[in-house]
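Reading the structure
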Amino acid sequence: MVDDLTRPAVHALLAEHLSDMHATSPAESVHALDLSDLRGSDVTVWTAWDAHVLLGIAALKQLSADHGELKSMRTSAMSRGRGVASSMLVHVLDDARRRGYARLSLETGTQDYFAAARRLYVRHGFVECPPFADYVRDPSSTFYSLSL
């Protein structure tokens, strides 16, 4: 469901996400969006719930008329390994196609902490690419893209 970012559970998961990003990567390599950035007019945020329990979050940022960026993919600790991230990624991909995007890109970390995320993206057809948008080469970042 598209989320309005008002619920405390969403705030808590986003705070956990940002905290982990800062604990894992150098500050200049943390590209996660904070709550105010996720409320931008160029960003759509979805959340997945099991009744009243938040399972995960994903966001899509419009970079241009035909290019989007996957942002803020995060699943709660209790939902990991249950296919939530994969389901959310498929939902974002479907929405990007509906919007007429030709490409969806993302940035993620190179550290071991991000290994599961990198495997998820590759399983869904993403391939490594050069930095896109305003990103620059960074030993703590790896970039992926998927032609839609």
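As a reminder, the structure under discussion sits directly above these lines.
Throughout what follows, the structure given in this document is the object of discussion. Just so you know, these numbers come straight off a predicted model, no measurement behind them.

Calculation criteria
- Residues numbered from 1 in each chain as written.
- Predicted model: local features only at pLDDT ≥ 70, side-chain atom pairs only at ≥ 80, totals over all residues.
- Heavy atoms only, no water.
- Pairing = 2+ DSSP bridges.
- Helix = DSSP H or I, 4+ residues; strand = E, 2+ residues; numbered from the N terminus.
- Contact = heavy atoms within 4.5 Å.
- Axes fitted to C-alpha atoms, helices over the stretch in contact; angles between N-to-C directions.
- Phe/Tyr/Trp six-rings, centres within 6.5 Å; stacked < 30°, edge-to-face > 60°.
- Buried < 20%, exposed > 50% of the residue type's maximum accessible area, 1.4 Å probe, protein only.
- Arc of directions from axis to C-beta.

1. Focus: the sheet that holds strand E1 (residues 43–50)
Hydrogen bonds between backbone groups are what pair the strands of a sheet, and the pairing can be parallel or antiparallel. Spatially, the 6 strands line up as an open sheet ordered E1-E2-E3-E4-E6-E5, and their pairing is mixed. The open sheet has two edge strands, E1 and strand E5 (127–128), and neither has a second partner. As paired elements, strand E2 (residues 53–64) and strand E3 (residues 67–75) share 7 bridges and run antiparallel to each other. The residue bridging Leu 60 from the neighbouring strand is Leu 70, located in E3. On the sheet, helix H1 (residues 8–24) packs against E1, E2 and E3 and is oriented at approximately 100° with respect to E3. Contacting E3, strand E4 (103–109) and strand E6 (141–147), helix H4 (residues 115–123) crosses the sheet at an angle of about 160° to E4.

2. Considering the packing of aromatic side chains
For the coordinates displayed, the defined rule picks out 6 aromatic pairs. Taking 6.0 Å as the distance between ring centres and 90° as the angle between the ring planes, the aromatic pair formed by Phe 132 and Phe 143 counts as edge-to-face. One end of the pair, Phe 132, is in the loop between E5 and E6; the other, Phe 143, is in strand E6, and 11 residues separate them in sequence. Residue Phe 143 is classed as buried on the basis of its relative accessible area of 4%. Chaining the aromatic ring pairs together yields one cluster made of Tyr 121, Phe 126 and Tyr 144.

3. With respect to the pairing of E6
With respect to burial, E6 is a largely interior element, 6 of its 7 residues being buried. Relative to E6, E4 runs antiparallel, the two sharing 7 bridges. Bridge pairing in E6 places Arg 103 opposite Ser 147. As judged from the 2 bridges shared by E5 and E6, these two strands associate in the antiparallel manner. Across the sheet, residue Val 127 finds its bridge partner in E6, namely Ser 145.

4. Observations regarding unusual backbone geometry
Note on backbone geometry: most residues besides glycine have negative phi, and most peptide bonds are trans. A positive phi is found at Leu 5, a non-glycine position, where the angle reads about 60°. At Ala 51, a residue that is not glycine, the phi angle is positive and equals roughly 60°. By the secondary structure assignment, Ala 51 is in the loop between E1 and E2. A relative accessible area of 65% means that Ala 51 is categorised as exposed.

5. Considering H4
Among the residues of H4, those classed as buried are Arg 118, Leu 120 and Tyr 121. The arc enclosing the buried residues of H4, seen along the axis, measures out at 160°, which places them on a common side. In H4, the exposed residues that point more than 90 degrees away from the buried face are Arg 119 and Arg 123. Against E3, helix H3 (84–98), E4 and E6 lie the buried residues of H4. Two residues or fewer after H4 comes Gly 125, characterised by a positive phi angle close to 100°.

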